[in-house]
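# Reading the structure
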Amino acid sequence: MKHDVIIVGGGVSGTALLYTLCKYTNVKNIGLIEKYSDFGKVNSAPTMNSQTLHFGDIETNYTIEKARKVKHSADMVMNYLENEKAAKGDEKLFIKVPKMVLAVGKDQVINLRNRYPAFGELFPKLKMIDKEEIGKLEPRILEGRDPDQELLALITEDGYTVDFKKLSYSFVSNAKEINPDVSIYLSTKVISITRAGDNYLIKTDKGDFEAPAIVVAAGSHSLLMAKSLGYGKNYSILSMAGSFYTGPRVLNSKVYTIQVPKLPFAAVHGDPEVHNEFVTRFGPTAKPIFFLERYNNSTFWEYWKTFGLSLKPVLSIFKISSDRIIFNYLLKNVVYDFPWIGKRSFMKEIRKIVPNVKLEEIKYARGIGGTRPQIINNTTRKLELGEAKILGDKIIFNITPSPGASTCLGNALEDSVKLMEFLGNKFTFDKARFEKDLGKPS
Ligand SMILES: Cc1cc2nc3c(=O)[nH]c(=O)nc-3n(C[C@H](O)[C@H](O)[C@H](O)COP(=O)(O)OP(=O)(O)OC[C@H]3O[C@@H](n4cnc5c(N)ncnc54)[C@H](O)[C@@H]3O)c2cc1C
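These remarks concern the structure in this document. The numbering scheme is per chain: residues are counted from 1 as the chain's sequence reads. Local features in a predicted model are, by the rule used here, given only for residues with pLDDT of at least 70; side-chain atom pairs are given and counted only at 80 or more, and totals for whole chains, interfaces and linings are based on all residues. Hydrogens are left out, water is left out, and the side-chain values use all remaining heavy atoms of the structure.

## A short note on the sheet that holds strand E21 (residues 395-399)
Should DSSP find at least two bridges between two strands, the strands are taken to pair. For the purposes of this entry, the term helix denotes a DSSP run of H or I that reaches at least four residues, the term strand denotes a run of E that reaches at least two, and both are numbered from the N terminus. Strand order in the open sheet made by the six strands is E6-E2-E1-E10-E21-E20, with mixed pairing throughout. Strands at the two margins of the open sheet, each flanked by one partner only, are strand E6 (183-185) and strand E20 (388-391). Mean inter-strand twist for the sheet, computed between neighbouring axes without regard to direction, equals 15°. We call two residues in contact when some of their heavy atoms are within 4.5 Å. Axis definition: a line fitted to C-alpha atoms, limited for helices to the stretch in contact. Angles are taken between N-to-C directions and run from 0 to 180 degrees. Sheet strands touched by helix H7 (residues 221-228): strand E1 (5-8), strand E10 (213-216), E20 and E21. Its angle to E21, the strand with the most contacts, is close to 145°.

## Some remarks on the packing of H7 against helix H8 (residues 300-307)
Close contact between H7 and H8 brings their axes to 9 Å; oriented N to C, the two are set at 55°. Between H7 and H8, the crossing angle belongs to the class labelled oblique. For the element pair H7 and H8, the recorded crossing hand is left-handed. Facing His221, Leu223, Leu224 and Lys227 of H7, the residues of H8 in contact are Glu302, Lys305, Thr306 and Phe307. Note on residue categories: nonpolar means Ala, Val, Leu, Ile, Met, Phe, Trp, Tyr, Cys or Pro, charged means Asp, Glu, Lys or Arg, and polar means any other residue, Gly included. When the residues that make up the contact of H7 with H8 are grouped by side-chain class, the tally is three nonpolar, two polar and three charged. Note on angle classes: values under 35 degrees are labelled roughly parallel, values over 145 roughly antiparallel, values of 65 to 115 roughly perpendicular, and the remainder oblique. Crossing chirality is assigned from the near helix's rotation relative to the far helix, an anticlockwise turn below a right angle marking it left-handed and a clockwise turn marking it right-handed.

## Quick look at the environment of Val5
Within the secondary structure, Val5 is located in strand E1. The sequence separation of Val5 and Ala213 amounts to 208 residues, and the corresponding C-alpha distance is 5.1 Å. Aside from chain neighbours lying at most four places away, what touches Val5 is Leu21, Val27, Asn29, Ile30, Gly31, Ala211, Ala213, Leu419 and Leu423.

## Comments concerning the nonpolar core
Across soluble globular proteins, nonpolar side chains show a tendency to be buried alongside one another. Residues grouped as a nonpolar core are buried Ala, Val, Leu, Ile, Met, Phe, Trp, Tyr and Cys residues, joined through side-chain atoms within 4.5 Å. Per-residue accessibility, obtained with a 1.4 Å probe over protein chains only, is compared with the maximum for each type, and a residue is labelled buried under 20%, exposed over 50%, and partly exposed between these values. Within the largest apolar cluster, 66 residues are counted, with the highest numbers of intra-cluster contacts made by Leu18, Leu53, Leu81, Leu167, Phe171, Leu409 and Leu419. At nine residues, helix H2 (residues 64-88) tops the list of elements feeding residues into this core. Here Leu419 is in contact with Val5, Leu17, Leu21, Ala213 and Val215, once residues within four sequence places are set aside. Core analysis: the second largest hydrophobic core is formed by 39 residues, Val8, Val190, Ala226 and Ile376 among them.

## Quick word on the pairing of strand E11 (residues 235-241)
Counting buried positions along E11 gives seven out of seven residues, so the element sits mostly inside the fold. Covered by surrounding structure in E11 are Tyr235, Ile237, Ser239 and Ala241 together with Ser236, Leu238 and Met240, the residues of both alternating faces. Strand direction decides the pairing type here: E11 and strand E18 (residues 371-377), joined by seven bridges, are antiparallel. By the bridge assignment for E18, Met240 is matched with Arg372. Bridging between E11 and strand E16 (residues 287-289) involves three bridges; their strand directions are antiparallel. Bridged to Ser239 within E16 is Ile289.

## A short note on H7
An α-helix turns once every 3.6 residues. As a result, residues three or four positions apart point the same way. When you tally the buried positions in H7, you get seven out of eight residues, the bulk of the element. Among all positions of H7, only His221, Ser222, Leu223, Leu224, Met225, Ala226 and Lys227 are buried. Positive backbone phi, approximately 90°, marks Gly230, located one or two places after H7.

## Regarding the packing of aromatic side chains
Only rings of Phe, Tyr and Trp enter the pairing, Trp through its six-membered ring, and a pair is recorded when the two centres are within 6.5 Å. The plane angle decides the type: under 30 degrees is stacked, over 60 is edge-to-face, the rest tilted. Tallied over the full model, the rule gives 23 aromatic pairs. Arranged with centres 6.5 Å apart and planes meeting at 75°, the rings of Phe300 and Trp304 form a pair that is edge-to-face. With a gap of four residues between them, Phe300 and Trp304 both fall in helix H8, about one helical turn apart. A relative accessible area of 29% places Phe300 in the partly exposed class. Among the aromatic residues, those joined into a cluster by ring pairs are Phe290, Phe291, Phe300, Trp301, Tyr303, Trp304 and Phe307. Here, a charge over a ring is recorded when the distance from Lys NZ or Arg CZ to the ring centre is within 6 Å and its angle to the ring normal is within 35 degrees. Over the ring of Tyr200 we find Arg195; its NZ or CZ atom is 4.3 Å from the centre of that ring.

## Remarks on the site of the ligand
Nearness is defined per residue: one heavy atom within 4 Å of the molecule or strand is enough. Lining the immediate surroundings of the ligand are 38 residues, of which Ser13, Glu34, Ser44, Thr400 and Ser406 lie closest. Between N or O atoms, a polar contact is any pair within 3.5 Å; within protein, one atom must be a potential hydrogen donor and the other a potential acceptor, and residues adjacent in sequence are included only when both atoms are from side chains. Gln51 has a polar backbone atom sitting 3.5 Å from an oxygen atom of the ligand. Within the backbone of Ala405, an N or O atom sits 3.4 Å from an oxygen atom of the ligand. Calculation on the ligand without its partners gives an accessible area of 1000 Å², and the protein chains cover 99% of this total. Broken down by secondary-structure element, the contributors of at least two residues to the shell around the ligand are helix H1 (12-24), H7 and E18. Of the residues in the shell around the ligand, the class split is 13 nonpolar, 21 polar and four charged. Shrake-Rupley sampling with a 1.4 Å probe provides the accessible areas, and residues are treated as covered by the protein chains on show and by no other component.

## Comments concerning the packing of H1 against helix H6 (residues 164-178)
For the pair H1 and H6, interaxial distance at closest approach is 8 Å and the crossing angle is 25°. Judged by the angle between their axes, H1 and H6 are roughly parallel. In this structure, H1 crosses over H6, and the sense of that crossing is left-handed. Contact with H1, carried on its side by Val12, Thr15, Ala16, Leu18, Tyr19, Cys22 and Lys23, involves Phe164, Leu167, Ser168, Phe171, Val172, Asn174, Ala175 and Ile178 of H6 and no other residues of that element. Classifying every residue of the contact of H1 with H6 gives eleven nonpolar, three polar and one charged.

Everything listed here is a matter of geometry and, on its own, says nothing about what the molecule does.
Structure representation (structure tokens):
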């Protein structure tokens, strides 16, 4: 099969690109290859992630620059969701709940207060509220708490909890409606990608495919495929599995805690479930595992191939974990997954949000939580925050740890621009219309 563009991966990233190409470009002959029988079954599934549309307003590990970039992408997803709802009614793609970041104790309160002027300007709907107001909105945050403990929160009404798997479906169904000729190959696993003259040859378990331009949106596997073509050699992956604990409805909003600045993961938070607001999910934890995909043992060797069997990544790991804060954090998080002791240790994190929650109210959410492909840069020997995009010769590889679902349309925009170049500007991308439809700031 020959196409002008092939997308590998049918998660929220690959399907967002498919939609963007179908709606805003005149490329007609597009193929999407996905190894599973359905879209969004890996990290984009609602069971695998925290379902948060991250804007950067309550993520205290983001700098203002990072928040500005993430916001622009999240606004696109928000506009898509709202446009869909206005056109088709509630398809249960998302629910809206307020969200806040909670500072506990004097130091955190000072830091959050200092953060507010810049972040309040970027996010005009973000309000700073004191203990009394926190108690009115979230009584369980105050119940059972030491009355002398200082509290402060930044809150916005505009919190989006999204089912990113359903969003993937929505992208595909709209793409197919606009361009019925688009070719979707489910249950088709890419085995290898090689150069064949001006094209790439993609070998799969269902036969061969060819295209002059490729975007690989295969999560952690994107780096494996990049390395097979000689790209991304200075990167490795630290696969950070995130588990969750669930409890009854104890919160009305998404409540995030303050993140330790060195850590490139969201801090523990409590969130109402997207399809059942009577369940609160606490997490995610962050435990290193040796698989590219969680609950898929066949990805063990793929993990090591991606990690790279040389001294460099090993030295990076030593360097990263020699930092006491990171080492202690990783150790603590490994324990959270142990039976009995895990739950008891994690209760401390939950009680930072809901102090009087009872042990019996909380249970480990078995089989819930995917794994984030956290990028290790073997040159700087540091963990990188957020996604990585590797640009090759007419090929792009997207590696998408959190907040990769929130940035799916931002990524699709960047990739569409690049694809037009890759295809010798034979086709056009109507970027202005894309921005007009989806770029409206929140
Ligand atoms: C615990 C946790 C919490 C998170 N919370 C959030 C959050 O709140 N908000 C947020 O924005 N992000 C969050 N994320 C990150 C988010 O889930 C991912 O960034 C996002 O889902 C990535 O989408 P994707 O399409 O790039 O990858 P995926 O959804 O993983 O899709 C990749 C696809 O590629 C396919 N594929 C892989 N290899 C092959 C192959 N050889 N052949 C064919 N197909 C292949 C896979 O089957 C899969 O369908 C979280 C992640 C985790 C693990």
